[in-house]
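Overview (structure and organization)
Residues per chain, in single letters:
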Amino acid sequence: MAGLLTRIFGDGNKKQLNRLQKKVDQIETLEPDIEKLSDDELKNKTEEFKERHANGESLDDLLPEAYAVVREGAKRVLGMRPFPVQLTGAVALHEGNIAEMKTGEGKTLASTMPAYLNAISGKGVHIITVNDYLAGRDAKDMGELYNFLGLTVGLNGNGMTKEEKREAYYSDITYGTNNEFGFDYLRDNMVLYKEQMVQRPLNFAIIDEVDSILIDEARTPLIISGSAQKSASMYQQANGFVRILSRETDYTYDEKTKGVQLTEEGINKAERYFSIENLFDLNHVSLTHHINQALKAHVSMQRDTDYVVEEGEVVIVDQFTGRLMKGRRYSDGLHQAIEAKEGLQIQNESMTLASITFQNFFRMYQKLSGMTGTAKTEEEEFRNIYNMDVIAIPTNKPIIRDDKADMIYKSIEGKFRAVVDDIKERHEKGQPVLVGTVAVETSELIAKMLKKAGVPHNVLNAKNHYREAEIIENAGQRGAVTIATNMAGRGTDIKLGDGVTELGGLAVIGTERHESRRIDNQLRGRSGRQGDPGVTQFYLSMEDDLMRRFGSDNMRSMMERLGMDDSQPIESKMVSRAVESAQKRVEGNNFDARKTVLSYDDVLRQQREIIYKQRFDVIEATEDLREIVEGMIRSTLKRVVQANTQDELDENWELDSIIEYVHGNLLNPDDISVDDIKGKEPDEMIDFIMGIVNHRYNEKEQELSPEQMREFEKVIVLRTVDTKWMDHIDQMDQLRQGIHLRAYGQNDPLQEYQAEGFQMFEEMIVEIEEEVAKYVMKAQIRDNLQRQEVAKNTQAVSGEQEEEEKKKSRKPYVKTETTGRNDPCPCGSGKKYKHCHGK
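To keep things clear, this report deals only with the structure shown in the data block. (Residues numbered from 1 in each chain as written. Predicted model: local features only at pLDDT ≥ 70, side-chain atom pairs only at ≥ 80, totals over all residues. Heavy atoms only, no water.)

This paragraph deals with the overall build of the protein chain. What the protein chain contains, in helices and strands, is 29 helices and 23 strands. Within the protein chain, the fraction of its 839 residues that count as buried is 54%. Long-range pairs, those at least 24 residues apart, make up 75% of the contacts in the protein chain with a sequence separation of at least 6. Carbon and sulfur atoms make up 47% of the accessible area of the protein chain, which totals about 37,900 Å². (Helix = DSSP H or I, 4+ residues; strand = E, 2+ residues; numbered from the N terminus. Buried < 20%, exposed > 50% of the residue type's maximum accessible area, 1.4 Å probe, protein only. Contact = heavy atoms within 4.5 Å. Areas by Shrake-Rupley, 256 points an atom, 1.4 Å probe, with all protein chains shown as cover.)

Relative to each other, helix H23 (residues 573-620) and helix H29 (residues 749-778) sit at 20°, their axes nearing to 9 Å. The angle between the axes of H23 and H29 places the two elements in the roughly parallel class. Between H23 and H29 lies a crossing whose hand is right-handed. Between H23 and H29, the contacting residues are Ser599, Tyr600, Val603, Gln607, Ile610 and Ile611 on the first element and Pro749, Leu750, Tyr753, Gln754, Gly757, Phe758, Phe761 and Met764 on the second. Counted by class, the contact of H23 with H29 contains 10 nonpolar, four polar and no charged residues. (Axes fitted to C-alpha atoms, helices over the stretch in contact; angles between N-to-C directions. Parallel < 35°, antiparallel > 145°, perpendicular 65-115°, else oblique. Left-handed = near helix turned anticlockwise from the far one by under 90°. Nonpolar A, V, L, I, M, F, W, Y, C, P; charged D, E, K, R; others polar.)

Here the focus is unusual backbone geometry. The phi dihedral of aspartate 304 is positive, around 70°, even though this residue is not glycine. With respect to the element layout, aspartate 304 can be found in the loop between helix H13 (285-299) and strand S9 (307-310). The backbone of glutamine 530 shows a phi angle near 50°, a positive value even though the residue is not glycine. Along the chain, glutamine 530 turns up in the loop between helix H20 (517-524) and strand S21 (534-541).

Across the 11 residues of helix H9 (residues 178-188), nine count as buried, placing the element largely inside the fold. Burial in H9 covers these residues: Asn178, Glu180, Phe181, Gly182, Phe183, Asp184, Tyr185, Leu186 and Asp188.

On to the sheet that holds strand S5 (residues 204-208). Pairing between the strands of a sheet is mediated by backbone hydrogen bonds and can be parallel or antiparallel. In space, the seven strands of this open sheet follow the order S3-S4-S2-S5-S13-S1-S14, with parallel pairing throughout. Two strands close off the open sheet at either side, each with one partner strand: strand S3 (153-156) and strand S14 (390-392). Sheet twist, expressed as the average angle between the axes of neighbouring strands with direction ignored, equals 20°. Here strand S1 (residues 98-100) runs beside strand S13 (residues 367-372); their pairing, made up of three bridges, is parallel. Its bridge partner lying in S13, alanine 99 is registered against methionine 371. Along the sheet, helix H5 (residues 84-94) makes contact with S1, S5, S13 and S14, crossing S13 at roughly 150°. (Pairing = 2+ DSSP bridges.)

Turning our attention to the pairing of S13. The side chains of a regular strand alternate between the sheet's two faces. With five of six residues buried, S13 lies mostly within the body of the structure. Note: S5 against S13, five bridges, orientation parallel. Counted as the bridge partner of aspartate 208 is methionine 371 from S13.

Looking now at the packing of helix H16 (residues 379-386) against H23. Running from amino to carboxyl end, H16 crosses H23 at an angle of 10°, the nearest separation of the two axes being 11 Å. When the axes of H16 and H23 are compared, the pair comes out roughly parallel. Of the residues in H23, those touching H16 at Glu380, Glu381, Asn384 and Ile385 are Phe591, Arg594, Lys595 and Leu598. Class assignment for the residues of the contact of H16 with H23 results in three nonpolar, one polar and four charged.

Right, let's get into the sheet that holds S9. As summarised here, the arrangement of the three strands in space is S9-S10-S11, forming an open sheet in which the pairing is antiparallel. Looking at strand neighbours, the two that pair on one side only are S9 and strand S11 (324-325), the edges of this open sheet. Looking at chain direction, strand S10 (residues 313-317) and S11 are connected through two bridges and run antiparallel. Within S11, the position partnered with valine 317 by the bridge is leucine 324. The sheet strands contacting helix H14 (residues 334-341) are S9 and S10, and the helix crosses S10 at an angle near 125°.

This structure, assessed with the given rule, holds 15 aromatic pairs. Look at tyrosine 185 and phenylalanine 361: their rings are 5.7 Å apart centre to centre, the planes differ by 50°, and that puts the pair in the tilted class. Taken together, the residues tyrosine 185 in helix H9 and phenylalanine 361 in helix H15 (residues 358-362) connect sequence positions 176 residues apart. For the pair formed by tyrosine 185 and phenylalanine 361, the shared burial category is buried. Summarising the aromatic geometry, the rings of phenylalanine 362 and tyrosine 365 are spaced 6.0 Å apart at their centres and angled 15° between planes, so their arrangement reads as stacked. Judged by relative accessible area, phenylalanine 362 falls into the buried class, the value being 1%. (Phe/Tyr/Trp six-rings, centres within 6.5 Å; stacked < 30°, edge-to-face > 60°.)

Another aspect to go through is the pairing of S5. Across the five residues of S5, five count as buried, placing the element largely inside the fold. Every second residue of S5 is oriented toward a common face, with Phe204, Ile206 and Asp208 on one face and Ala205 and Ile207 on the other, all of them buried. Of the pairings in the sheet, the one linking strand S2 (residues 125-129) to S5 comprises four bridges and is parallel in character. Bridge assignment links valine 125 to a residue of S5, and that residue is phenylalanine 204.

The subject of this paragraph is the side chain of glutamine 199. Mapped onto the elements, glutamine 199 comes out in the loop between H9 and S5. Residue glutamine 199 is classed as buried on the basis of its relative accessible area of 10%. Here the side chain of glutamine 199 touches tyrosine 169 through a polar contact of 3.2 Å, side chain to side chain. Once residues lying within four places of it in the same chain are set aside, the contact partners of glutamine 199 are Tyr169, Tyr170, Phe181, Asp184, Tyr185 and Asp188. (Polar contact = N/O pair within 3.5 Å; in protein donor to acceptor, adjacent residues only side chain to side chain.)

Of all hydrophobic cores here, the largest spans 92 residues; its most connected members are Leu214, Phe362, Phe382, Ile658, Leu667 and Ile689. The element that contributes the greatest number of residues to this core is helix H28 (residues 706-738), accounting for 11 residues. Those residues in contact with phenylalanine 382 that sit more than four places away from it in its chain are Ile98, Val210, Asp211, Leu214, Ile215, Ala375, Asn387, Met388 and Val390. In this structure, Ile27, Ala90, Val125 and Ile393 belong to the second largest nonpolar core, which totals 49 residues. (Core = buried A, V, L, I, M, F, W, Y, C linked by side-chain atoms within 4.5 Å.)

Looking now at the pattern of salt bridges. Scanning the model with the defined rule gives 62 salt bridges in all. Of the charged contacts in the structure, one is a salt bridge between glutamate 72 and lysine 75, with a shortest N-O distance of 2.9 Å. Here glutamate 72 and its partner lysine 75 are both found in helix H4 (residues 59-77), three residues apart, which amounts to about one turn of the helix. Judged by its relative accessible area of 6%, glutamate 72 is buried. Residue lysine 75 is classed as partly exposed on the basis of its relative accessible area, which comes to 22%. Here arginine 696 makes a salt bridge to aspartate 671, at a shortest N to O gap of 2.4 Å. Taken together, the positions of arginine 696 in helix H27 (residues 682-703) and aspartate 671 in the loop between helix H25 (655-665) and helix H26 (674-677) put the pair 25 residues apart, joining distant regions of the chain. You can call arginine 696 partly exposed: its relative accessible area is 24%. Residues participating in the shared-partner salt-bridge network are Glu28, Glu31, Glu35, Asp39, Arg71, Glu72, Lys75, Arg76 and Arg81. (Salt bridge = Lys/Arg side-chain N within 4 Å of Asp/Glu carboxyl O.)

Taken together, Asp647, Glu648, Asp650, Glu651, Glu654, Asp656, Glu660, Glu681, Asp683 and Glu684 make up a surface patch of like negative charges. Tracing the backbone through its elements, the reader meets glutamate 681 in the loop between H26 and H27. (Patch = residues over 30% accessible without salt bridge, like charges linked within 9 Å, V, L, I, M, F, W, Y side chains within 5 Å. Lys, Arg positive; Asp, Glu negative; His and termini not counted. Charge placed at Lys NZ, Arg CZ, Asp CG, Glu CD.)

What follows concerns helix H18 (residues 440-452). The first and last C-alpha atoms of H18 sit 19 Å apart over 13 residues, in line with the 18 Å expected at 1.5 Å per residue. Inspection of H18 places Val440, Thr442, Ser443, Ile446, Ala447 and Leu450 among the buried residues, and these make up the whole buried set. Take H18 and look down its axis: the buried residues cluster within an arc of 160°, on one side only. Along H18, the residues that are exposed and aim more than 90 degrees away from the buried face are Lys448 and Lys452. With its phi angle positive at about 75°, glycine 454 sits one or two positions after the end of H18. (Expected span 1.5 Å × (residues − 1). Arc of directions from axis to C-beta.)

Just distances and angles here, no functional claims.
Written out as C-alpha cells, the structure is:
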C-alpha cells in the first residue's frame, strides 16, 4: 500500500531534496571563484550583501553567493569545509523548515550559513539551544567565523544585566537557551520604561534539538512569578494524614493516567482525622486539594525518578532528557506537597505575573526553523502547529550500524542480569559501551551491578551532569563503559578511540523503551556516526512501564506456557513492532494533549497580544494619553447612564444612582446634582457630565507641568492594566482547571472556555476603564510621582504541564476621596468594598 501511495503521489522528501539540490549545485559552482578571494575581499562581501539587500535584492537571491562565502570562511577560520549534505540542510533551514540531520553530520556548522544570510537584513538572528553549555560552546566556536566575516555575536545567558542582554540582542547573531529568550520576552512586557526593554522584534530563529523544545517541552509554560505568603501547616497536616493510608483500602491508583483517588473508606478516614462532617463541603475545598496533592506526591511521584533531593531542595528531573531542572517547580501546590513528604522546608507558593508556552512564544517569530537528528516521527505536529516541513537530509556516508531486534525477558531482574552479562562480555574484548536508561534510579542500579561484576564504568545522570563533557569525550575510547540517562542524547557527539572501529564501534544498549520513538532513536544515533560501525540493542521486560501499560499480559502468559524462564529472552521483530505500535499510540495521545493545550492557550494568547500591544503603546507614547483616558471615562459613563435609563418612562430613570456614581468616581459632590441632568436624554447627560470632567481635567493640568501630567497618566494606566491583567491570568487559570466538568453537561469544554474567557476579558477591560477613570479624576497627584512595579521579588520559573496556582497579594490601596462599591476594599482583604466593609 505504501509503495502504491509513493507511486501515485511521489516521495515528498525526495522531491524536496531534488529541489534543494538545485540550490546546492549553484553554491558548488561558485566555489572556485570565491576561493580566489583574499581574506579582506572575503570579509568585504558582507557589506556588499547588506548594500545589495538594502537596494532590493532578496535574501533568496543572495543565498548561493552568501553560502559560498560562509563555506570558504569556515575552511579558512575553522578548518572545516561543509559537505554538500550540510549545504542541503542549510538551505532547508533558511526556508523555515526542519533539517533532520543524523548525529555527527555537522548541524552546528550547517546552521552558520542561514544565520549569516538572515543576519544581513540587520533584524537579528537567534540560535536557540537546549542548555547554557551548548549555547556558550557554539557562540565561542562559531563566533570566530562570524567575526571573521564582519558580523557581531552575542550570548544571552542567565543572570546577565539588562545592559549585557541588550548588547547581546542587538548583535547580528544571538545564542542562548529557549528558556532565556522566552523569559526575556515576558520581562520586556512588564517593564515600566521603553529603555528597560532588551529584545528587538522577533525575526528569525534556528532551534537546535527542535523536537526537544517544540514537542517535549511544548506544554511547559514559562512563568514570571512573585512570592505569595501561604501557611505550610496545611501541607504538613495533609502529609501526616496520607502517611496512614493504605493502597486499595483507602485509595486507588491508575498507572496509565497516574491518577490517585480516595475510596469511600479513605474519605471517612479523612473526615475522622480532620474532625469534619463532610469532606466535600464547600468550606473544605482547600483541604481536599491539599489531600489530593499529598496523595499524588506519595503515590505517583517517585524520588530519583521524577525528582531528586539536593541540598535540602526538591529538584525536578526532566523525564525526556534526565537533566535536573533547577529553579523549576511543580505547579498547583504539588511541589510543596513533595517538600512535606521529604521533610524539607516548605517554600512559599507564588502568584503568576506573566506566562507563555513555548508553542506560542516561538510562533511569534517572523520565520522559524530547526534541526535535530530525530523529527520525522512528529512531522504531522510540526506541520500543523508550526507550519514547518521536516526534511530528512541524507548522511554524508552510508549508515552501517547494526540495529538488532529487541530482547524481551519475563522479569526486570532477568533483563538486568542479561544487560550486565552483555556489557561485561563487550568490555572484556575492549568494545566501548553506552548504556541508556530512562530513570536516574535505573542508572544507579546498573552501576551497582557492574561494580559487583568488577566492570569499571562512568555514570552520567542528573546527579553528576557537571562531568558531562569529560565523560562523553571518553565514552568512545577502548574499554569505556558509560551509563547515561536520556540527557546523553542531546548535543553530544561520541568520537571513537584508536582501534575501536575494528572491534565493531560503539555498542549502545537500551535498558527499556521510552514512550517516544524519538528518544530511542536519539540513543541509537549515538552509535554509527559519519559512517562508523556500531551496534544497538534494546533489552525489555514484561514488567517495564510501557509493556505493562499496553497489553503485555498475553505475551507473558505465552512465555509461561512455553516454560520460558528468566534467562531465555524472546528475540522477535514481531514484539518490536508491537512495542513500536504502543509507542505510536502514546505519541498520538501526547500530540492530542499538546493540541488541546494549544487550543486553550490560544485564547489567552490573543488576549495577551492585545494587552501587551496596548501596554507598549502607552510606554512608547510621546504625546499625552488624555484622549485615551477621556475615551475610557466616556465609556464608563455611558455604561452607568445606560444601566440607569433603561425604562421607557423617563420618570422611572434612576438619576440618583448616576449622580451617586459620578460623585464617588469622577467629580466632587458640589460639581453636579440630580437637577443638572433632569430632563435630559441619555446622550445629553453623558455630554453634560463630560463637559464638567474636561473642565476638572484642565484644572489638574494647570496644577502640574505638562511632563508631570503625562507621567501621571502613564503611571495610572500602567498600574491599572498590570494589576487587572494579573488578576485576569489568575481567573483564567481557575476557569481552566474546572472547565472539563462542563463535559458532563454535554457542553464542549473548549467552546465554553473560549466564550467565558472572552466574557472575562471584556469584563477586565471594563474594570480597567473604570479604575483609570476614577484614579485620573480622583487621585491626588504627587510631585515625586514614579511608575511602580505591581509585584516585587519576581522570579522566572517554568511550570509543569499546567500554569501555577496563583494567590494574589494586593498592592496598597491608592487613597481616593470616596471608595466605590466595586473597588477593592481599603482593608486589603482582596474583596470588593461592597462585599467587605461596604456592607
